[in-house]
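Tertiary structure, described
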Amino acid sequence: VIALTIKDVARLAGVSISTVSRVANNASNVSPPIRKKVLRAIKALNYTPNLVARSLEARSLKNIAVVMGRTMDQAFSNPDFFVILQGITSTLVKQEYSTLLLTDLKQSMELEHCIKLIRSGAVQGVIVVGSFVHDPLLSRLLEEDCPFVLIGYPPDNPDIYTTPFNTVSTNDKQSAYQAVRFLLERGHRRIGLVHAPLSYAANRKRYDGYIEAITEAGLRIDHPLIASTSYEVSETVSAVTALLTVAHPPTAVFCTDDYKATGVLRAALGLGMRVPEDLSVMGHNNYQISELTTPPLTTVTVPMFELGRSAGEILMRKITDPSTPIENLFFPNRLLIRDTVK
């Protein structure tokens, strides 16, 4: 006896695997002719695994997968990151959808886990939080024909306003550029950069914004003034201590997130430097900790709750009506001037 799979049903019906899953779960976002074609194929093949049988007899499953494994290193060190999740759930709960949180740390496991959930019919849509510069999960989600939204900068795409899938983001390159311009306008010419791993699309764009602002000002890129660290503050302190003790140290440092900026403040304190008198420091994201530092941190605001809420709203529209046009929604970041820049 040959064991039939959902792929066989999809092949016979001439539809995608995720469409079969939606029909099996009695989802509303399938046209009557397609639904009839899939049910006919299921009956012809006598394909009735437990999940499909239960779904055909019971109410529709209403689950959304939220892929956060790629951002867990940030979330573990920074509870503010879960504000995005609060924004997502604030929308989904109104539609009686539940959230399945995927926290796989390896890209291969993350992709496999997500695709299994889609093909089994366990989830009806996906929200991906954060993106890599090269991101195979996004292309696979397109192939699966599954409704999904990316919260983050679309990778591998020169035009941020035109992508083949739904996105909710801020312009990370522009906000970093504006932050460095702010330091330049205050007379700083030796500006350091402390950035997170560049495998993440947002970090790469913020790095690019720094490079563009420095180059546009007619200054050369001084690589000893650039440090890459993880999201551990202790690692940042060590790297920044080395950066601040070069022959010609910076008078200001821009950090791609506020936790790195707190590492700069600690490193400066350890070297007997005063902020902002001896060193100006600027962060990004406006995490809660940024207003608790001494002195309070000048940074860039990122509307995290709104990013999550909007992603949830877009996904609900897409699930309800698959013909809904692709949406690329961008929120503005803005400078939040406090007391760490001279």
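Just above sits the structure.
Topic: the sheet that holds strand S2 (residues 98-102)
The strand order across the open sheet formed by six strands is S2-S1-S3-S4-S5-S11, and the pairing between neighbours is parallel. Edge positions in the sheet fall to S2 and strand S11 (328-331), since each of these pairs with one other strand and no more. Adjacent strand axes in the sheet meet at a mean angle of 15° when their direction is disregarded. Bridge analysis of strand S3 (residues 125-129) against strand S4 (residues 148-151) gives four bridges, and the strand direction is parallel. The partner of valine 126 across the bridge, within S4, is phenylalanine 148. Packing of helix H7 (residues 107-120) onto the sheet brings it into contact with strand S1 (63-67), S2 and S3, and relative to S2 it is tilted by some 155°. Helix-sheet contacts for helix H13 (residues 304-320) involve S1, S3, S4, strand S5 (166-170) and S11, and the interaxial angle to S5 is about 170°.

What about the packing of helix H1 (residues 6-13) against helix H3 (residues 32-45)?
Relative placement of two packed helices is described by the angle separating their axes and the distance separating the axes. Relative to each other, H1 and H3 sit at 125°, their axes nearing to 9 Å. Judged by the inter-axis angle, H1 sits oblique to H3. Considering the relative orientation of H1 and H3, their crossing is right-handed. Residues Asp8, Val9, Leu12 and Ala13 of H1 touch H3, and the partners they reach there are Lys37, Val38, Ala41, Ile42, Ala44 and Leu45. Class assignment for the residues of the contact of H1 with H3 results in eight nonpolar, no polar and two charged.

Conventions we followed
Residues numbered from 1 in each chain as written. Predicted model: local features only at pLDDT ≥ 70, side-chain atom pairs only at ≥ 80, totals over all residues. Heavy atoms only, no water. Pairing = 2+ DSSP bridges. Helix = DSSP H or I, 4+ residues; strand = E, 2+ residues; numbered from the N terminus. Axes fitted to C-alpha atoms, helices over the stretch in contact; angles between N-to-C directions. Contact = heavy atoms within 4.5 Å. Parallel < 35°, antiparallel > 145°, perpendicular 65-115°, else oblique. Left-handed = near helix turned anticlockwise from the far one by under 90°. Nonpolar A, V, L, I, M, F, W, Y, C, P; charged D, E, K, R; others polar.

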